[in-house]
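# Structural overview for review
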Amino acid sequence: THAHGDHHMGVAGLKAVYPVPVYLHASDVYMAKDATINLSNTMYGPDSEFTPDVQLQDGMKIPMGGYTIRTLHTPGHTKGGVCYLLENYLFSGDTLFEMSIGRTDLDGGNHDQLIKAIKTQLLKLSDETVVLPGHGGSSTIGRERSRNPYLVY
């Protein structure tokens with residue numbers, strides 16, 4: 001969903017076992033290639049640097065088995081943050097959390113951009129869409145639309 005180390009530190013190990021492509025939005029490639037910028041050098045484990053096999057753009061569709069995953073570009077946590085929509089499930093990474101949003105004080109973060117992305121990309125989804133964030137509990141778009149203190153004013 002984005003290039004912070006805690007979301008990709010297992011890429012090298014997985015690619016060694018499974019020959020699958022790694023996707024990342026084009027705007028986060030610079031971050032993925034530098035352990036200092038992606039913060040993996042401050043985390044437990046090895047520094048994580050990689051180059052994605054596929055650079056995503058907004059609206060790209062990714063085939064997976066008999067399914068299609070739609071990419072929603074949601075900058076603000078990072079420049080290249082994305083969410084993935086698979087049927088009625090939204091994998092929101094660090095864009096949208098249960099009653100919260102992603103932090104915007106790190107490299108590439110921008111609070112106004114994040115709020116705009118959530119409102120234009122995510123809140124237009126149906127109330128029943130299940131939100132599965134990169135950290136914490138799940139929610140629904142309807143619950144976040146009506147109760148998330150960062151989105152209700």
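Before any of the text, the structure's been laid out above.
The sections below set out a description of the structure shown in this document.

Criteria and cut-off values
Residues numbered from 1 in each chain as written. Predicted model: local features only at pLDDT ≥ 70, side-chain atom pairs only at ≥ 80, totals over all residues. Heavy atoms only, no water. Core = buried A, V, L, I, M, F, W, Y, C linked by side-chain atoms within 4.5 Å. Buried < 20%, exposed > 50% of the residue type's maximum accessible area, 1.4 Å probe, protein only. Helix = DSSP H or I, 4+ residues; strand = E, 2+ residues; numbered from the N terminus. Contact = heavy atoms within 4.5 Å. Polar contact = N/O pair within 3.5 Å; in protein donor to acceptor, adjacent residues only side chain to side chain. Patch = residues over 30% accessible without salt bridge, like charges linked within 9 Å, V, L, I, M, F, W, Y side chains within 5 Å. Areas by Shrake-Rupley, 256 points an atom, 1.4 Å probe, with all protein chains shown as cover. Salt bridge = Lys/Arg side-chain N within 4 Å of Asp/Glu carboxyl O. 1 Å grid on protein atoms, 1.4 Å probe; cavity = no way out; pocket = protein on both sides within 12 Å on 5 of 7 lines; lining within 4 Å. Points joined across faces, edges and corners; volume = space filled by probe spheres on them. Nonpolar A, V, L, I, M, F, W, Y, C, P; charged D, E, K, R; others polar.

### Remarks on the nonpolar core
One finds Leu 72, Leu 90, Leu 96, Ile 118, Leu 122, Leu 125 and Ile 141 to be the most contacted residues of the largest nonpolar core, which totals 15 residues. Breaking this core down by element, the ones donating at least two residues are β5 (82-86) and α3 (111-122). Beyond its immediate sequence surroundings of up to four residues, Leu 72 is in contact with Asp 58, Gly 81, Val 82, Cys 83, Leu 85, Leu 90, Gln 121, Leu 122 and Leu 125. Formed by seven residues, the second largest nonpolar core is a distinct cluster that contains Ala 3, Val 11, Met 31 and Phe 50.

### Some words on the side chain of Asn 148
Tracing the backbone shows Asn 148 in the segment after α4 (141-147). For Asn 148, a relative accessible area of 0% gives the class buried. A distance of 2.9 Å separates a polar atom in the side chain of Asn 148 from the backbone nitrogen of Tyr 150. Beyond its immediate sequence surroundings of up to four residues, Asn 148 is in contact with Leu 96, Phe 97, Met 99, Ser 100, Ile 101 and Arg 143.

### Observations regarding the environment of Ser 27
Following the sequence through the fold, Ser 27 ends up in the loop between β1 (23-25) and α2 (29-32). When its relative accessible area of 29% is taken as the criterion, Ser 27 is described as partly exposed. Counting along the chain gives 46 residues from Ser 27 to His 73, while the straight-line C-alpha distance between them is 9.9 Å. Setting aside residues no more than four positions away along its own chain, Ser 27 makes contact with Lys 79 and Gly 80.

### Some details on a nonpolar patch on the surface
A contiguous nonpolar patch, built from Leu 14, Val 17, Tyr 18 and Val 20 and spanning about 410 Å² of accessible area, is present on the exposed surface. As for its position among the elements, Leu 14 is in helix α1 (residues 11-17).

### Focus on the environment of Thr 140
Relative to the helices and strands, Thr 140 is located in strand β10 (residues 139-140). Not counting residues within four places of it along the chain, the set of residues in contact with Thr 140 comprises Asp 127, Thr 129, Val 130 and Val 131.

### Digging into the pattern of salt bridges
Tallying each qualifying case throughout the model produces three salt bridges. Notably, a salt bridge pairs Lys 15 with Asp 53, separated by 2.8 Å at the nearest N-O pair. Taken together, the residues Lys 15 in helix α1 and Asp 53 in the loop between α2 and β2 (54-56) connect sequence positions 38 residues apart. By relative accessible area, Lys 15 is classed as partly exposed at 34%. For Arg 145, the salt bridge identified is with Asp 127, shortest N-O distance 2.0 Å. Linking Arg 145 in helix α4 with Asp 127 in the loop between α3 and β9 (130-133), this pair joins segments that are 18 residues apart in sequence.

### With respect to the layout of surface pockets
Its volume calculated, the largest pocket comes out at about 660 Å³. Lining the largest pocket are 20 residues, with Thr 1, Pro 21, Val 22, Tyr 23 and Tyr 84 positioned closest to its centre. Elements that contribute at least two residues to the lining of the largest pocket include exactly α1, β1 and β3 (61-64). Residue composition of the lining of the largest pocket, grouped by class: 15 nonpolar, four polar and one charged.

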